[in-house]
Amino acid sequence: MSSAELMKKVVSLCKRRGFVFQSSEIYGGLKSAYDYGPLGVELKRNLMSAWWRDMVHKREDVVGLDASIVMHPRVWEASGHLAGFSDPLVDCKVCKERFRADKAPRVLPGDEVTLIFPDKGAAKVAEELVAKQFGVTLARRDKELAGARAERGYVCPNCGSPYLSDERQFNLMFKSSLGPTDPLGEVAQAIEGGALSGLSGRELRAKLEELTKPPAVYLRPETAQAMFVQFVNIQQSMSLKVPFGIAQMGKSFRNEITVEHFIFRSCEFEQMEMEFFCEPGTDDHWMQYWVEQRMAWWQKFANDKTKFKLRPHEPDELAHYAKGCFDIEYDYPWGWGELEGIANRTDYDLGKHAEHSGQKLDYFDAENKKRYVPYVIEPAAGATRGVLVYLLDAYTEEEVETPRGDKETRVVLRLHPELAPIKVGVFPLVKKDGMPELARKVVQRFFERGINAKYDEQHAIGKRYRRHDEIGTPWGLTIDHQSLEDGTITIRDRDTMAQRRIAIDGAVEEIEGLLRAAR
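Because the structure is a prediction, the values reported are computed rather than measured.

Chemist: Would you explain the sheet that holds strand β3 (residues 62–64) in this entry?
Modeler: Within a sheet, adjacent strands bond to each other through the backbone by hydrogen bonds, running parallel or antiparallel. As summarised here, the arrangement of the seven strands in space is β3-β12-β13-β19-β16-β15-β14, forming an open sheet in which the pairing is mixed. For this open sheet the edge positions go to β3 and β14 (308–312), each flanked by a neighbour on one side alone. Strand-to-strand twist of the sheet, defined as the mean angle between neighbouring strand axes without regard to direction, takes the value 25 degrees. Sheet analysis places β3 next to strand β12 (residues 244–253), joined by three bridges and oriented parallel. From the neighbouring strand, Val62 faces β12, where its bridge partner is Gly245.

In structure tokens:
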């Protein structure tokens, strides 16, 4: 199937089977906001739990943190987010698309460009609008308008139009207020008192910022800063020696101009980040170490490991704080895109927070009798992007033969067993003869061992197998008449559809062994 078809089928599966829903759907939905359904939340939690286990529980040199989403606003002044965390925003005057200027298709000023629309009707409307508003007559051919000239170095990514608004800076942080003070009240008083009269443009904006600043707080745009702010508390309370890391998972918020590709880019998302503090001079070694570790981690859960690649950042695209950076990219249906970034942030963040807070954020090496500000290597991954990656990687369609000899398409979600929302389905062959009761006893044994099992008695056994194939359940256990006679049960493998019989009393241990082997 084509890449576009794959994306459509995964999005459809997500809603149909309870992985991801559009937020507030009964009210028309909210753009870029998604709710993770019963299976989606399990998949996401399994992914994040695996990250936490491998990054924290399996290491002696990494500890965890769960910091507040709302932090002191001076944190964001020190980090540079308040001053520099913004994008150049542009509106297309033809199709009304709003987009980031730095991400738009590039052209040379003066080049002839072609506008492309969904259908002939839209092209005709655009032709009339351009003629009326800009006095330009374009040549319409089917869904295209030819003859336009680019005025700047980019065009609209939606229709290709060069007729664009001026660029405006757009801050990506969500702003709110803390406490009983109403910032709008301060603005209202200023207007009534005439304090804003005669002001316009930048002067007016600066005055409004001054009035609303005291109670202003921001939803964090990343989880990283809390780990820098709490560096000394964590190091001293846990008696940690450099090198060591601080890990955090949690929600971040960015008022994205462009939200796209389902859950790939949204305003609310979950991150899995770790700040690894090391002695300056050893940072190149640790950078290489974490690049290799993180790439291997993503690949171990994937069916197709070739769809992951490392991309080093060019010098002109490095963040202002970074000495170097690698992106782990995935080959999404629309092309290669970021899944995780590993950056050498040097001592920039600790230095900035020390400067703005007046507190020492350094480390004393007692063995070598020296004090220094550690460098930081940061592997920062998107949990929600990880969910999308593994759904795309797992989705498979194959032609199989039915018991009647017909051909049908089997949809299989080949999720790694550790990530699968449900580890095992338990099915009574029929809803009588004591089979449901025995099946429920088996399910209860899985519950007692902390394994997510699902009892399912709806529809014929073949349909139940297909349903669990489609949601990624690795194994199915079927109670049948023979089970009542000899205490055995049929175990079916999702990927091969192979079946064999095992003892009911050993079913839990069998699944536990298969899960251990899959790790």
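Chemist: It is not clear to me how helix α6 (residues 183–192) should be interpreted in this structure. Could you clarify?
Modeler: Three or four residues apart is the spacing at which side chains of an α-helix point the same way, because the helix has 3.6 residues per turn. The complete set of buried residues in α6 reads Pro183, Val187 and Ala190. One side of α6 carries all its buried residues, which in axial view fall inside an arc of 60 degrees. Among the exposed residues of α6, those oriented more than 90 degrees off its buried face are Leu184, Gln189 and Glu192. The inward-facing, buried residues of α6 abut β10 (175–177) and α7 (201–212).

Chemist: Whenever I open this one, the pattern of salt bridges confuses me. Can you help?
Modeler: Any two side chains of opposite charge can pair if their charged atoms end up close together. Overall, the coordinates contain 43 salt bridges when judged by the stated rule. In this structure, a network of salt bridges that share partners links the residues Glu398, Glu408, Arg410, Arg414, Arg466, Asp469, Arg492, Arg494 and Asp495.

Chemist: Help me understand the pairing of strand β15 (residues 324–332), please; the structure alone is not making it clear to me.
Modeler: Two faces, one strand: in a regular strand the side chains alternate between the faces of the sheet. Of all nine residues making up β15, seven are buried, and the element is well covered by its neighbours. As defined by bridge partners, β14 adjoins β15 across five bridges and the pair is classed as antiparallel. Along β15, the bridge assignment pairs Arg311 with Asp327. In this sheet, strand β16 (residues 335–346) lies alongside β15 in antiparallel orientation, the contact comprising nine bridges.

Chemist: Sorry, what's going on with the sheet that holds strand β8 (residues 144–149) here?
Modeler: Reading across from one edge, β6-β8-β7 is the order of the three strands in this open sheet, with antiparallel pairing throughout. Where the open sheet ends on each side, the last strands, each with one partner, are β6 (112–116) and β7 (139–141). On average, each strand axis in the sheet is tilted by 30 degrees relative to the strand beside it, whichever way the strands run. As paired elements, β7 and β8 share three bridges and run antiparallel to each other. Each bridged residue has a counterpart across the sheet, and for Arg140 the counterpart in β8 is Leu145. Packing of helix α5 (residues 120–134) onto the sheet brings it into contact with β7 and β8, and relative to β8 it is tilted by some 30 degrees.

Chemist: Looking at this model, I keep getting lost on the packing of helix α2 (residues 38–57) against helix α10 (residues 283–300). Mind explaining?
Modeler: When two helices pack together, their arrangement is given by the angle between their axes and by how far apart the axes lie. At their nearest, the axes of α2 and α10 sit 12 Å apart, and the two run at 145 degrees to each other. As for how α2 packs across α10, the hand of that crossing is right-handed. Side by side, α2 and α10 meet where Leu47, Ala50, Trp51, Arg53, Asp54 and Met55 of the first sit next to Trp290, Arg294, Trp297, Trp298 and Lys300 of the second. A per-class count over the contact of α2 with α10 returns seven nonpolar, no polar and four charged.

Chemist: I would appreciate a short explanation of the nonpolar core in the present structure.
Modeler: Generally speaking, soluble globular proteins have nonpolar side chains that are buried together. With 58 residues, the main nonpolar core has Phe19, Trp298, Phe308 and Tyr390 as its most contacted residues. Apart from the residues within four sequence positions on either side, Phe19 is in contact with Leu13, Cys14, Asp35, Tyr36, Gly37, Leu39, Gly40, Leu43, Leu391, Leu413, Pro421 and Ile471. Of all hydrophobic cores here, the second largest spans 26 residues; its members include Met71, Met227, Phe277 and Val376.

Chemist: Honestly, the packing of α6 against α7 in this entry has me stumped. Any pointers?
Modeler: Close contact between α6 and α7 brings their axes to 8 Å; oriented N to C, the two are set at 130 degrees. Considering the angle they form, α6 stands oblique to α7. Crossing of α6 against α7: the hand is right-handed. Facing Pro183, Glu186, Val187 and Ala190 of α6, the residues of α7 in contact are Leu208, Leu211 and Thr212. When its residues are assigned to classes, the contact of α6 with α7 shows five nonpolar, one polar and one charged.

Chemist: Would you mind going over the side chain of Ser23 with me for this structure?
Modeler: Tracing the backbone shows Ser23 in the loop between β1 (20–22) and β2 (34–36). You can call Ser23 buried: its relative accessible area is 11%. Here Ser24 takes part through its side chain, which lies 3.3 Å from a polar atom of the side chain of Ser23. Contact partners of Ser23, with chain neighbours within four places excluded, come to Gly29, Leu30, Ala33, Tyr34 and Asp35.

Chemist: So what exactly am I meant to see when it comes to the state of the cysteines here?
Modeler: Put plainly, two cysteines are in a disulfide when a covalent bond ties their sulfur atoms together. This model, assessed by the stated rule, comprises zero disulfides. Of the cysteine sulfurs around Cys14, a residue in no disulfide, the closest is that of Cys267, at 19 Å. Residue classification places Cys14 among the buried residues on the basis of a relative accessible area of 1%. No disulfide involves Cys95; its sulfur sits 3.6 Å from the nearest other cysteine sulfur, which is in Cys156. Given the relative accessible area of 25%, Cys95 is considered partly exposed.

Thresholds applied
- Residues numbered from 1 in each chain as written.
- Predicted model: local features only at pLDDT ≥ 70, side-chain atom pairs only at ≥ 80, totals over all residues.
- Heavy atoms only, no water.
- Pairing = 2+ DSSP bridges.
- Helix = DSSP H or I, 4+ residues; strand = E, 2+ residues; numbered from the N terminus.
- Axes fitted to C-alpha atoms, helices over the stretch in contact; angles between N-to-C directions.
- Buried < 20%, exposed > 50% of the residue type's maximum accessible area, 1.4 Å probe, protein only.
- Arc of directions from axis to C-beta.
- Contact = heavy atoms within 4.5 Å.
- Salt bridge = Lys/Arg side-chain N within 4 Å of Asp/Glu carboxyl O.
- Left-handed = near helix turned anticlockwise from the far one by under 90°.
- Nonpolar A, V, L, I, M, F, W, Y, C, P; charged D, E, K, R; others polar.
- Core = buried A, V, L, I, M, F, W, Y, C linked by side-chain atoms within 4.5 Å.
- Parallel < 35°, antiparallel > 145°, perpendicular 65-115°, else oblique.
- Polar contact = N/O pair within 3.5 Å; in protein donor to acceptor, adjacent residues only side chain to side chain.
- Disulfide = S-S within 2.5 Å.

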